Amino acid sequence: MSEEAAPLLPAPTERVTVDSTVVRRKSAAELWTSAILVKAGLAVFAFLVISAAINPLALFSAHPVSMSISIILTSSSILTLQQATASSRKNRSLFHSVLQLLNLVAALSGFTAIYRNKIRNGSDHFTTLHGRFGLATIIFIGTISLAGVIVQFFPSVFGWTVSSSPVSAIDRVRRRKALATVHRFFGYLLFLLLIITASLASASHWAEVTIPENGLYLIRVSLGLVLGNIAYGIDYTSIYNAIKLSLGGNNRVSVLFQPEN
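Quick caveat, the model's predicted, so the values are computed rather than measured.

The next thing to look at is the overall build of the chain. Across its full length, the chain carries eight helices and two strands. Across the chain, helices and strands are ordered from the amino to the carboxyl terminus as β-β-α-α-α-α-α-α-α-α. Looking at the chain as a whole, 41% of its 261 residues qualify as buried. A separation of at least 24 residues holds for 73% of the contacts in the chain among residues at least 6 apart in sequence. For the chain, the accessible area works out to roughly 13,900 Å², and carbon and sulfur atoms hold 66% of it.

Here is the structure:
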């Protein structure tokens with residue numbers, strides 16, 4: 001397969017050589033097992049939070065419900081790419097984009113609900129760690145969604161123009177591979193922010209007076225289960241190399257951010 005036609009990242013079962021060392025990527029079975037555990041954790045988390053939020057139903061209810069949906073969508077979009085193979089990567093990348101668009105809608109809905117609820121009650125905004133992390137998360141979601149759209153659909157912004165030069169074509173593919181992986185790295189940071197924000201929410205006054213103590217314990221355990229298994233599926237080697245390449249650590253792709261002639 002030519003480099004022009006190669007997928008952005010190798011299939012999960014491939015072995016790759018990095019600095020003369022053979023690195024085994026996780027098998028499909030390992031990734032599927034991890035995905036099942038992620039989904040189990042998400043199911044427990046969502047049930048406990050949403051069932052508490054809608055009883056009684058109020059304007060505030062939209063905040064924990066929407067943000068729970070945001071965590072589910074973010075986790076699902078990550079799993080979509082972690083389980084991608086060379087043949088399915090294109091369709092899964094498109095599905096990932098759709099999930100992230102829905103995630104942006106859910107996050108903005110949750111943010112709007114809590115913002116309006118605080119105005120209605122005359123409360124101050126962003127006075128707690130949960131509120132500040134939440135604001136940072138919303139900004140991050142918007143930024144990374146925009147960056148993802150540009151990388152996926154408008155690569156010419158980075159100078160990836162179609163060229164008849166074989167060298168330029170190879171450089172263009174390498175740039176896209178590296179930047180797509182850097183985008184994935186920031187996606188994992190977003191996911192971590194969401195988990196931290198949700199964990200802080202489990203210690204909020206609303207959670208402590210609404211959800212039983214054993215329920216709060218299960219929420220934290222389920223978030224830990226989701227975080228641990230998403231982290232297990234990360235291709236750390238690809239991310240490390242992509243960041244190194246984007247910083248010019250390899251002469252072959254040190255032209256990552258330079259426009260083509």
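Past the structure itself, the notes keep going.
Let's shift gears to the packing of aromatic side chains. Evaluated as defined, the whole model comprises five aromatic pairs. Here the aromatic rings of Phe-111 and Phe-126 are separated by 6.2 Å at their centres, their planes lie at 10°, and the arrangement is stacked. Separated by 15 residues along the polypeptide, Phe-111 in helix α3 (residues 89–121) and Phe-126 in the loop between α3 and α4 (129–153) bring together distant segments of the chain. You can call Phe-126 partly exposed: its relative accessible area is 30%. Through a chain of ring-to-ring contacts, the aromatic side chains of Phe-111, Tyr-115 and Phe-126 assemble into a single cluster. Just above the ring of Tyr-232 sits the side chain of Lys-26; from NZ or CZ to the centre is 5.1 Å.

Running from amino to carboxyl end, helix α1 (residues 28–53) crosses helix α2 (residues 62–82) at an angle of 175°, the nearest separation of the two axes being 9 Å. Between α1 and α2, the interaxial angle falls into the category roughly antiparallel. Mapping the contact onto sequence places Leu-31, Ala-35, Val-38, Lys-39, Leu-42, Phe-45, Ala-46, Val-49, Ile-50 and Ala-53 in α1 and Pro-64, Val-65, Ser-68, Ile-71, Ile-72, Ser-75, Leu-79 and Gln-82 in α2. Residues that form the contact of α1 with α2 fall into these classes: 14 nonpolar, three polar and one charged.

What follows covers the nonpolar core. Phe-45, Ile-219 and Ile-230 are the most contacted members of the largest nonpolar core, which totals 30 residues. Among the elements of the structure, α1, α2, α4, α5 (166–201) and α7 (213–232) are those that each provide at least two residues to this core. For this core, the element with the highest residue contribution is α1, accounting for seven residues.

What follows deals with a nonpolar patch on the surface. Taken together, Leu-94, Phe-95, Val-98, Leu-102, Val-149, Phe-153 and Phe-154 make up a surface patch of nonpolar side chains, about 640 Å² in accessible area. Among the elements of the structure, α3 and α4 are those that each provide at least two residues to the nonpolar patch. Among the elements that make up the nonpolar patch, the one with the highest residue count is α3 (four residues). Relative to the elements of secondary structure, Phe-153 occurs in helix α4.

Within the secondary structure, Ser-68 is located in helix α2. In this structure Ser-68 comes out as buried when scored by relative accessible area, which is 1%. There is a polar contact of 2.7 Å between the side chain of Ser-68 and the backbone oxygen of Pro-64. If we skip the residues at most four places from it in the chain, Ser-68 touches Phe-45, Val-49 and Ile-50.

Let's shift gears to α3. Its 33 residues place the ends of α3 47 Å apart at the C-alpha level, agreeing with the 48 Å of an ideal helix rising 1.5 Å per residue. When α3 is considered as a whole, its buried residues turn out to be Arg-89, Ser-93, His-96, Leu-99, Gln-100, Asn-103, Ala-106, Ala-107, Gly-110, Ala-113, Ile-114 and Asn-117. Two residues or fewer past α3, Gly-122 is found with a positive phi of approximately 70°.

On the secondary structure map, Arg-116 appears in helix α3. In this structure, the C-alpha to C-alpha distance between Arg-116 and Leu-59, residues 57 residues apart in sequence, is 8.3 Å.

Our next topic: α7. The end-to-end C-alpha distance of α7, which contains 20 residues, comes to 29 Å, matching closely the 28 Å that a straight helix rising 1.5 Å per residue would cover. Turning to α7, its buried residues are Gly-215, Leu-216, Ile-219, Ser-222, Leu-223, Val-226, Asn-229 and Ile-230. The buried residues of α7 occupy an angular sector of 165° when the element is viewed end-on, so they sit on one face. Pointing more than 90 degrees away from the buried face of α7 are the exposed residues Glu-213, Asn-214 and Tyr-217.

For the rest of this paragraph, the subject is unusual backbone geometry. Of the consecutive residues Asn-55 and Pro-56, the connecting peptide bond is found in the cis state with omega at 5°. Tracing the backbone through its elements, the reader meets Pro-56 in the loop between α1 and α2. Unlike most non-glycine residues, Phe-126 shows phi in positive territory, near 55°.

The rules behind the values
Residues numbered from 1 in each chain as written. Predicted model: local features only at pLDDT ≥ 70, side-chain atom pairs only at ≥ 80, totals over all residues. Heavy atoms only, no water. Helix = DSSP H or I, 4+ residues; strand = E, 2+ residues; numbered from the N terminus. Buried < 20%, exposed > 50% of the residue type's maximum accessible area, 1.4 Å probe, protein only. Contact = heavy atoms within 4.5 Å. Areas by Shrake-Rupley, 256 points an atom, 1.4 Å probe, with all protein chains shown as cover. Phe/Tyr/Trp six-rings, centres within 6.5 Å; stacked < 30°, edge-to-face > 60°. Lys NZ or Arg CZ within 6 Å of the ring centre and 35° of its normal. Axes fitted to C-alpha atoms, helices over the stretch in contact; angles between N-to-C directions. Parallel < 35°, antiparallel > 145°, perpendicular 65-115°, else oblique. Nonpolar A, V, L, I, M, F, W, Y, C, P; charged D, E, K, R; others polar. Core = buried A, V, L, I, M, F, W, Y, C linked by side-chain atoms within 4.5 Å. Patch = residues over 30% accessible without salt bridge, like charges linked within 9 Å, V, L, I, M, F, W, Y side chains within 5 Å. Salt bridge = Lys/Arg side-chain N within 4 Å of Asp/Glu carboxyl O. Polar contact = N/O pair within 3.5 Å; in protein donor to acceptor, adjacent residues only side chain to side chain. Expected span 1.5 Å × (residues − 1). Arc of directions from axis to C-beta.

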